[in-house]
Amino acid sequence: MNADHAGVGWTRALLDLPAESGELFAAEWETVRRRITIVHETALPRETEPAGAPRLARGDR
Amino acid sequence: MTEPYALSLSEAAAAITGRRLTPVDLLDSTVGRIREVDPRVLAWARVCIEDAQREARRLTDLQTAGTMLGPLHGIPIGVKDIFYTAGVETACGSRIMAGFVPGYDATAVARLRQAGAIILGKTHTTEFASFDPSPARNPWALDHTPGGSSSGSAAALAARMCQGALGSQTSGSIVRPAAFCGIVGLKPTFGRVSRHGVHPLAWTLDHPGPMARTVRDVAVLLEVIAGSDPHDPATLAAPPVPRYAAALESPGAEGGALGRVRIGVPDRYFTDGLDPEAARASQEAVDTLGRLGGRVQPVTLPALFEAGMEAHELIHNVEAAAVHIETYRTRAADYGQKLRAIIETGFQVPGPTYVRAQQIRTRLIDAMRTLLTEVDVLATPAALGPAPRGLAATGSPVLNRPFSFLGFPSLTVPCGRTDAGLPLGLQLAGRPFDEITLLRAAAAFEAATPWARHVPPL
């Protein structure tokens with residue numbers, strides 16, 4: 001990950017994250033990056049509703 | 001004569017109900033046991049002896065007067081230190097929460113008290129129920145991890161320092177430590193037990209649940225803590241709570257414990273990286289289920305299964321980052337390295353990726369519902385092997401993670417020991433809100449095997 005990328009830097013500033021945020025844990029980030037790739041390469045019907053959506057008729061908020 | 005502390009929850013409850021044992025005597029015995037072994041096991045973050053003694057005297061007076069508050073009257077319970085306890089520090093195994101004293105009980109804790117339980121104290125958790133370990137040790141081998149994150153609850157039960165305990169699971173935090181410590185742990189269906197007052201690790205993955213030394217004890221605890229709670233919307237659509245313990249006592253009324261149960265053995269994933277001794281014990285356990293009348297058959301996991309496990313980890317990291325963002329801004333250095341890595345990487349996962357991970361979850365839930373029309377129960381090893389040596393890590397949750405991701409119920413029951421004497425567990429998982437089938441199968445297995453009666457050599 002390029003922690004100095006403008007978008008990442010802007011996000012860090014917006015969330016007021018610690019200055020060193022995103023610069024640590026390179027090995028873990030490699031694992032996460034692989035996972036992100038797998039999730040996006042997995043074929044899914046576009047209409048799939050994400051889990052966790054409210055089901056108001058059954059009493060959820 | 002068996003010391004009171006060594007009784008199972010059900011045995012102690014029956015003795016109290018029959019007036020052969022008082023809550024005061026049970027507590028005194030239990031506190032003595034804690035003083036004897038906890039300096040070596042380190043299962044407890046804090047023991048509330050004076051509060052517990054005061055409550056034991058009150059419950060003994062009620063017992064004398066013929067008034068029993070409920071099925072847990074006078075039973076000492078350990079509570080994982082991420083459950084809020086009114087007036088008692090809830091530090092979540094962290095520097096961040098040190099000194100925090102909640103003003104109210106978590107719903108599960110409140111329900112335990114209403115049923116007559118004595119909240120004996122708070123058991124050690126990994127930091128915020130994540131992966132940075134607590135001081136707790138495995139009673140079967142003190143230089144081995146008890147697993148995590150419900151480390152102290154599992155260790156305290158195995159070491160006979162309480163009759164029941166609360167744990168929570170986001171990936172494998174009930175089933176894994178229970179398996180490593182040779183006890184029974186049940187992760188209920190998502191929405192079966194309220195999360196209210198339980199410090200979140202990842203909201204859509206967190207499951208509070210019971211831990212104990214026998215299947216029946218877990219059933220008793222589940223019946224007490226389960227049910228609808230207006231403070232936790234996930235519980236509101238759940239079906240009514242069955243009488244779990246009674247169902248174990250009259251299995252014939254609904255078709256026999258294992259006579260009609262179809263046991264599915266997954267074709268893959270649950271054998272990847274499996275220790276040979278765990279593999280052998282798991283196969284023998286499945287064979288036992290077959291001899292008990294279960295119809296064992298192989299099942300093919302959905303093609304989406306492995307992608308679902310990657311999605312689980314992304315959801316976990318993003319939600320943990322969201323939980324901790326406020327305190328992380330100013331106190332990053334007070335977090336352990338393992339949780340820091342989760343939070344930091346969680347910050348960087350794109351929003352659409354998180355949503356897509358939840359879409360994969362929807363699809364995998366649907367596919368697994370279909371699979372569980374072919375069989376009633378999935379049987380797998382509860383962990384990749386016995387508790388690993390060392391205290392710097394808590395072992396892998398990969399075999400438990402699928403059921404946290406799905407929200408389907410799962411449990412572990414002891415199924416063997418390694419040549420070195422460490423416990424191994426059999427994991428059973430099933431359909432949403434069908435904990436009874438799992439409990440019945442586990443109870444039949446437990447009754448047919450010696451493993452649950454083994455005691456660590458402390």
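All chains use their own residue numbering, which begins from 1 and follows the written sequence. Whichever chain is written first is A, and whichever ligand is written first is 1; the rest continue in order. In keeping with the model being predicted, local features are shown solely for residues with a pLDDT of at least 70 and side-chain atom pairs are shown and tallied solely at 80 or more, while totals for entire chains, interfaces and linings include all residues.

(A) Just the pairing of strand E9 (residues 377-381) of chain B, in detail. Residues and elements named next belong to chain B. Of all five residues in E9, five are buried, a share of seventy percent or more. Two strands are counted as paired when DSSP detects at least two bridges linking them. Strands here mean DSSP runs of E at least two residues long; helices mean DSSP runs of H or I at least four residues long; both are numbered from the N terminus. As defined by bridge partners, strand E7 (residues 262-266) adjoins E9 across two bridges and the pair is classed as parallel. Its bridge partner being in E9, Ile 263 is matched across the sheet by Val 377. The pairing of E9 with strand E11 (residues 423-430) spans five bridges and is antiparallel. With C-beta atoms placed from the backbone, a residue counts as buried when 20 or more other C-beta atoms lie within 10 Å of its own, as exposed when 12 or fewer do, and as partly exposed for counts between those limits.

(B) Just the interface of chain B and chain A, in detail. Each side of the interface is counted separately: chain B has 31 residues, and chain A has 30 residues. Taken together, the elements giving at least two residues each to the side of chain B that touches chain A come down to helix H10 (305-331), helix H11 (337-347) and helix H12 (351-374) of chain B. Take the side of chain B that touches chain A: its biggest share by element is 11 residues, from H12(B). Put simply, Ala, Val, Leu, Ile, Met, Phe, Trp, Tyr, Cys and Pro go in the nonpolar bin, Asp, Glu, Lys and Arg in the charged bin, and everything else, Gly too, in the polar bin. Grouping the constituent residues of the side of chain B that touches chain A by class yields 16 nonpolar, eight polar and seven charged. It is the C-beta atoms, placed from the backbone, that decide contacts: two residues are in contact if theirs lie within 7 Å.

(C) The sheet that holds strand E4 (residues 164-169) of chain B, seen in detail. Residue and element names in this part refer to chain B. One open sheet holds the 11 strands; their spatial order is E1-E3-E2-E4-E6-E5-E10-E11-E9-E7-E8, and the pairing between them is mixed. Edge positions in the sheet fall to strand E1 (44-47) and strand E8 (295-299), since each of these pairs with one other strand and no more. Across the sheet, the mean angle from the axis of one strand to that of its neighbour is 30°, orientation sign disregarded. Relative to E11, strand E10 (residues 410-417) runs antiparallel, the two sharing seven bridges. The residue of E11 that forms the bridge with Arg 417 is Pro 423. Each axis is a line fitted through C-alpha atoms, taken for helices only over the stretch in contact, and angles between the N-to-C directions span 0 to 180 degrees.

(D) Here's a closer look at helix H9 (residues 276-291) of chain B. All names here are of chain B. To estimate the expected span of a helix, count its residues, drop one, and scale the result by 1.5 Å. Taking 1.5 Å per residue, 16 residues should reach 22 Å; H9 reaches 23 Å between its end C-alpha atoms and fits that length. Where H9 is concerned, the buried positions are Ala 278, Ala 281, Ser 282, Ala 285, Val 286 and Leu 289. Taken end-on, H9 shows its buried residues confined to a sector of 140°, consistent with a single buried face. Opposite its buried face, H9 presents the exposed residues Pro 276, Gln 283, Asp 287 and Arg 291, each directed more than 90 degrees away. On its buried face, H9 sits against E7, E8, E9, E10, E11 and helix H14 (435-448). The first or second residue beyond H9 is Gly 293, which carries a positive phi of 110°. It is the directions from the helix axis to the C-beta atoms that the arc portrays.

(E) Local environment of the domain arrangement of chain B. Residue and element names in this part refer to chain B. What the domain assignment reports for chain B is domain 1 (4-260 + 375-453) and domain 2 (305-367). For the domains described, the bounds stem from an automatic or database domain assignment. Computed from C-alpha atoms alone, the centre-to-centre distance between domain 1 and domain 2 is 26 Å. At the junction of the two partners, domain 1 supplies 19 residues and domain 2 supplies 19 residues. In terms of residue class, the side of domain 1 that touches domain 2 is made up of 11 nonpolar, four polar and four charged.

(F) Representation of the nonpolar core in the model. Residues and elements named next belong to chain B. Ile 77, Leu 112, Leu 157, Val 184, Leu 428, Ala 441 and Ala 442 are the most contacted members of the largest nonpolar core, which totals 145 residues. In this structure, this core is formed jointly by two domains, domain 1 (4-260 + 375-453) and domain 2 (305-367), each of which donates at least three residues. Dropping the residues within four chain positions of it, Leu 157 is found in contact with Cys 162, Ala 165, Cys 181, Ile 183, Met 211, Ala 212 and Arg 213. Note on terminology: a nonpolar core is a set of buried residues of type Ala, Val, Leu, Ile, Met, Phe, Trp, Tyr or Cys, with members joined through C-beta atoms within 7 Å.

(G) Layout of the packing of helix H2 (residues 26-41) of chain A against H12(B). Two numbers describe how H2(A) lies on H12(B): the axes approach to 9 Å, and their chain directions differ by 60°. When the axis of H2(A) is compared with that of H12(B), the two are oblique. In terms of crossing hand, the pair formed by H2(A) and H12(B) is left-handed. Where H2(A) approaches H12(B), its residues Ile36(A), Val39(A) and His40(A) are matched on the opposing element by Thr353(B), Arg356(B), Ala357(B) and Ile360(B). For classification, angles of less than 35 degrees are called roughly parallel, those exceeding 145 degrees roughly antiparallel, those between 65 and 115 degrees roughly perpendicular, and all remaining angles oblique. Crossings are sorted by hand: turned counterclockwise from the far helix by less than a right angle, the near helix makes the crossing left-handed, and turned clockwise it makes it right-handed.

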